[in-house]
Amino acid sequence: MSHQPLLLEIGCEELPSSSLEQLGIALHDNLIAKLADKGLSHGASRWFAAPRRLAVLIDDLVDQGADETKEALGPPLAQARDADGNWTRAAEGFAARQGVSADDLELIDTPKGQRLGLKQVVSGAKTRECLGDIVNEAIADLPIAKRMRWGAARREFVRPVHWIVLIYGDEQGFGDVLGIPSANISKGHRFHAPAPISIGSANDYPALMREAWVIADFAERSHLIREQVEAAAIAVGGQALIDPDLLGEVASLVEWPVALAGSFDTAFLEVPAEALISSMQSHQKYFPVVDASGTLMPNFVTVSNIESRDPSQVIAGNERVIRPRLADAAFFFEQDQQHTLASRVSRLGAVVFQKQLGSLLDKTQRVQSLAGELATLTGTDKIQAERAAELCKADLVSDMVLEFADMQGIAGAYYALNDGEDPTVADAIAQHYWPTQAGSELPQGEVAVAVALADRLDTLLGIFGIGQAPTGSKDPFALRRASIAVLRIIIEKQLTLDLRKCLAIAGRGFAEGVISDEAPEAVFNYLLDRLPALYESDAIPIEVFRAVRGSGSSQPSDFDRRVRAVQAFGQRPEAEALAAANKRVSNILAKANDRDKNLIVSANLLQEPQEIALAEAIAAAASDNVTTLASADYASALSRLAALREPVDAFFDGVMVNAEDPALKANRLALLAQLREQFMHIADISQLAGAKSE
């Protein structure tokens, strides 16, 4: 059996920069999966993705898969022959389905006895014979949102395809791919190396591409761009702001990156830096440059796709292009400041937030009221919170934000300061959108926190209230992200806010009949269901979350303290036994009839030494935990309850709960109820027992 490298390259028109990396990875993964389906083993593999090509290179692909013995089972031996020793209809029918005669069958031992059967050796798939089909199937499964056709053919791909390279070792000619005959001819850089390139062997691909002015490896190209951009920024005395998303986009736009530093008029630095950065990154795909203190410099770095004989001309061209974009930002900033932020609030009435929930002005008024209430609950300045909430959406109707959408909040903060608003209010306007994504920074000021929570809770309750909760992958109002933000803010800021109470307050902001009565509880449960996602990075198992969910806690910060305490408790040697005991207690109490459930422990009915000892241990633990529970020191409380393991084990070993005497039975059930109650003050630790039951 021989092993040869395999190369697949799809050459086409410029691919969408937004999906290039995804397509490269998917083509690689699909091809590997299809080879595995055929039983074709191989060595290391790598993928390539550049604007005009997707490629996969696989080392040591076998020329044929291993032979496989397949076993088909027929009727049991007793049903194979009739009383005269002749083959039965069942045996002959089975043989016919296998394409053999009944005499060719054999007896096969199975756990249920001997059965008539057939063992056949099936030859492994031959790489050269099935390679074309494998490649076409891998391409057909690519995640392409919108496929296109070109010319008169009916073939479809994300962009028109011009060439297909398919080489196994140094062999070619494995049929059509996407309707194009596969060969060993590729193309290099559109301008630097437009002539056809003959690839003699699959392993020659990376080097040949580099000679043809193409860095085909996406990761290598991204790394090279980062190095060049950083060096170009250093050369002008600064450091580049390299946004990961922008880096990936630029890497998807060029095959031969050449970083060049340019500059712009220092007068533009009077415009908010965020607007200039937005313009450079979003519109021009430039990397801004800042000084050692993080202040924006009048410089940028662009990445060209050609190595020009006169780089100064390329730089000058980019400087000419950026000038009008920055001038637009300066114009919008100057014009917006001619009107106060407060004067724009009324214009929000013309902007629909959601048809059933009204305009952005309606939402603003609800958020303003709710932010004031939340400020009171958290000991924050109510007046400032209400003022910040009143103004927080006003910049959405400013020229700056209409042109640069990512300036929302930021522009409002600048305009608020220009209007003489309190800096705390201005900060809250900017920060009420924080966190903008998973793991990003939370709003810093207390006023900003109140507005951020009010904005998200209003959206959650409103959208749920009109029956548009997220379903599957559809979440047009980003409610999952809003939920995580609410939880992070409350937990990480250690706010003593009750979610049910906050949602009830939020509900009062909607006119009667606008949202359903069930909405607050639906949102509450939706929020709690998002909590496990916050604990994934800490490797806290779902059982811990379920245990705390059983406590009924509705304060996220309190919930978090319980989770941390239960997680720590779960590491103790007593945890497993106590969790199992609680599971057993829960099952016993669940089976008790109604007249057994109104339970009070009577000391004079405690007869066995083990139940007396358990009653005393529970009473002592309850007394000791009064202070710790009052201060929400759940870790200490569980640590104290861990001492109950021995008396609990002794009780179940030496006491019959379901005693014949109804009074003794009721008393023992009451004792178990007291035991469970002590843990339920913190969490339902029976959940830690997992699927095990007593």
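All values reported here derive from a predicted model rather than from experimental measurement.

### A closer look at the overall build of the protein
So, point 1. For the protein, the count of helices and strands is 25 helices and 17 strands.
So, point 2. At 35 Å, the protein has a C-alpha radius of gyration far larger than the 26 Å of a compact globule built from 694 residues.
So, point 3. Each principal axis of the C-alpha distribution contributes one length, and for the protein these read about 105 × 100 × 45 Å.
So, point 4. Within the protein, the fraction of its 694 residues that count as buried is 48%.
So, point 5. When contacts within the protein are restricted to residue pairs at least 6 apart in sequence, long-range pairs at least 24 apart make up 69% of them.

### A few points about the sheet that holds strand E3 (residues 53-62)
So, point 1. An order of E2-E3-E1-E7 is seen for the 4 strands of this open sheet, with the pairing classed as antiparallel. The open sheet has two free edges, formed respectively by strand E2 (45-50) and strand E7 (161-168), since each of these has just one partner strand. Taken over all neighbouring pairs, the strand axes of this sheet differ in orientation by 10° on average, direction set aside.
So, point 2. Sheet topology note: the E2/E3 ladder contains 6 bridges and is antiparallel. Note on E3: the bridge partner recorded for Ala-50 is Arg-53.
So, point 3. Strands strand E1 (3-12), E2 and E3 of the sheet are contacted by helix H1 (residues 20-37), whose axis makes an angle of about 25° with E3.

### Considering the sheet that holds strand E4 (residues 68-76)
For sheets, the rule is that strands pair by backbone hydrogen bonds, running either parallel or antiparallel.
So, point 1. Here 3 strands make up an open sheet; going across it, the order is E4-E6-E5 and the pairing antiparallel. Strand pairing shows two members of the sheet lacking a second neighbour, E4 and strand E5 (106-110), which therefore form its edges. Strand-to-strand twist across the sheet, computed as the mean angle between neighbouring axes with direction ignored, equals 50°.
So, point 2. Sheet topology places E4 next to strand E6 (residues 113-122); 7 bridges connect them, and they run antiparallel. Its bridge partner lying in E6, Leu-73 is registered against Gly-117.

### Remarks on helix H17 (residues 499-507)
So, point 1. Turning to H17, its buried residues number three or more, namely Leu-499, Cys-502, Leu-503, Ile-505 and Ala-506. Around the axis of H17, the buried residues are gathered within 160° of arc, so they sit on the same side.
So, point 2. Structurally, H17 contributes buried residues whose contacts are with helix H10 (360-377), helix H15 (446-465), helix H16 (479-492), helix H18 (519-535) and helix H20 (556-570).

### A look at the pairing of strand E14 (residues 287-290)
So, point 1. Burial of E14 is two-sided: the residues Phe-287 and Val-289 facing one way and the residues Pro-288 and Val-290 facing the other way are all buried.
So, point 2. Here strand E12 (residues 239-240) runs beside E14; their pairing, made up of 2 bridges, is antiparallel. In the sheet register, Gln-239 faces E14, and the bridge partner there is Val-290.
So, point 3. When E14 meets strand E15 (residues 296-304), the two strands line up antiparallel, connected through 3 bridges. The partner of Phe-287 across the bridge, within E15, is Val-301.
So, point 4. Counting the residues between successive antiparallel strands, the hairpin from E14 to E15 contains 5 residues, one of them, Gly-294, with a positive phi of roughly 90°.

### Section: the packing of helix H7 (residues 273-283) against helix H8 (residues 311-336)
The relative placement of two packed helices comes down to the angle between their axes together with the axis-to-axis distance.
So, point 1. Orientation of H7 relative to H8, taken along the N-to-C sense of each, is 135°, at an axis distance of 10 Å. On the basis of the axis angle, H7 is oblique to H8. In this structure, H7 meets H8 at a crossing whose hand is right-handed. Where H7 approaches H8, its residues Leu-276, Ser-279, Met-280 and His-283 are matched on the opposing element by Ile-322, Arg-325 and Leu-326.
So, point 2. Of the residues contributing to the contact of H7 with H8, the split by class is 4 nonpolar, 2 polar and 1 charged.

### Quick notes on unusual backbone geometry
So, point 1. Omega for the peptide link from Trp-434 to Pro-435 comes to -10°, which places this bond in the cis form.
So, point 2. With respect to the secondary-structure elements, Pro-435 resides in the loop between helix H14 (423-431) and H15.
So, point 3. In the Ramachandran plot, Trp-213 falls in the positive-phi region, its phi being about 65° despite a non-glycine side chain.
So, point 4. Within the secondary structure, Trp-213 is located in the loop between helix H4 (205-211) and helix H5 (218-235).
So, point 5. The class for Trp-213 is partly exposed, based on a relative accessible area of 27%.

### Some words on the pattern of salt bridges
So, point 1. Under the defined criterion, the tally for this structure stands at 34 salt bridges.
So, point 2. Here Arg-645 and Asp-649 are joined by a salt bridge, their closest N and O atoms 3.5 Å apart. Here Arg-645 and its partner Asp-649 are both found in helix H24 (residues 645-654), 4 residues apart, which amounts to about one turn of the helix.
So, point 3. Residue Asp-649 is classed as partly exposed on the basis of its relative accessible area of 29%.

### Focus on the packing of aromatic side chains
So, point 1. Evaluated as defined, the whole model comprises 11 aromatic pairs.
So, point 2. Here the aromatic residues Phe-333, Tyr-414 and Tyr-415 are joined through ring pairs into a cluster of three or more.
So, point 3. A cation over a ring is seen here: Lys-363 above Phe-353, with NZ or CZ 4.9 Å from the ring centre.
So, point 4. One cation-aromatic arrangement involves Arg-530 over Tyr-526; the distance from NZ or CZ to the ring centre is 4.2 Å.

About the criteria used
Residues numbered from 1 in each chain as written. Predicted model: local features only at pLDDT ≥ 70, side-chain atom pairs only at ≥ 80, totals over all residues. Heavy atoms only, no water. Helix = DSSP H or I, 4+ residues; strand = E, 2+ residues; numbered from the N terminus. Rg over C-alpha atoms; globule rule 2.2 N^0.38 Å. Buried < 20%, exposed > 50% of the residue type's maximum accessible area, 1.4 Å probe, protein only. Contact = heavy atoms within 4.5 Å. Pairing = 2+ DSSP bridges. Axes fitted to C-alpha atoms, helices over the stretch in contact; angles between N-to-C directions. Arc of directions from axis to C-beta. Parallel < 35°, antiparallel > 145°, perpendicular 65-115°, else oblique. Left-handed = near helix turned anticlockwise from the far one by under 90°. Nonpolar A, V, L, I, M, F, W, Y, C, P; charged D, E, K, R; others polar. Salt bridge = Lys/Arg side-chain N within 4 Å of Asp/Glu carboxyl O. Phe/Tyr/Trp six-rings, centres within 6.5 Å; stacked < 30°, edge-to-face > 60°. Lys NZ or Arg CZ within 6 Å of the ring centre and 35° of its normal.

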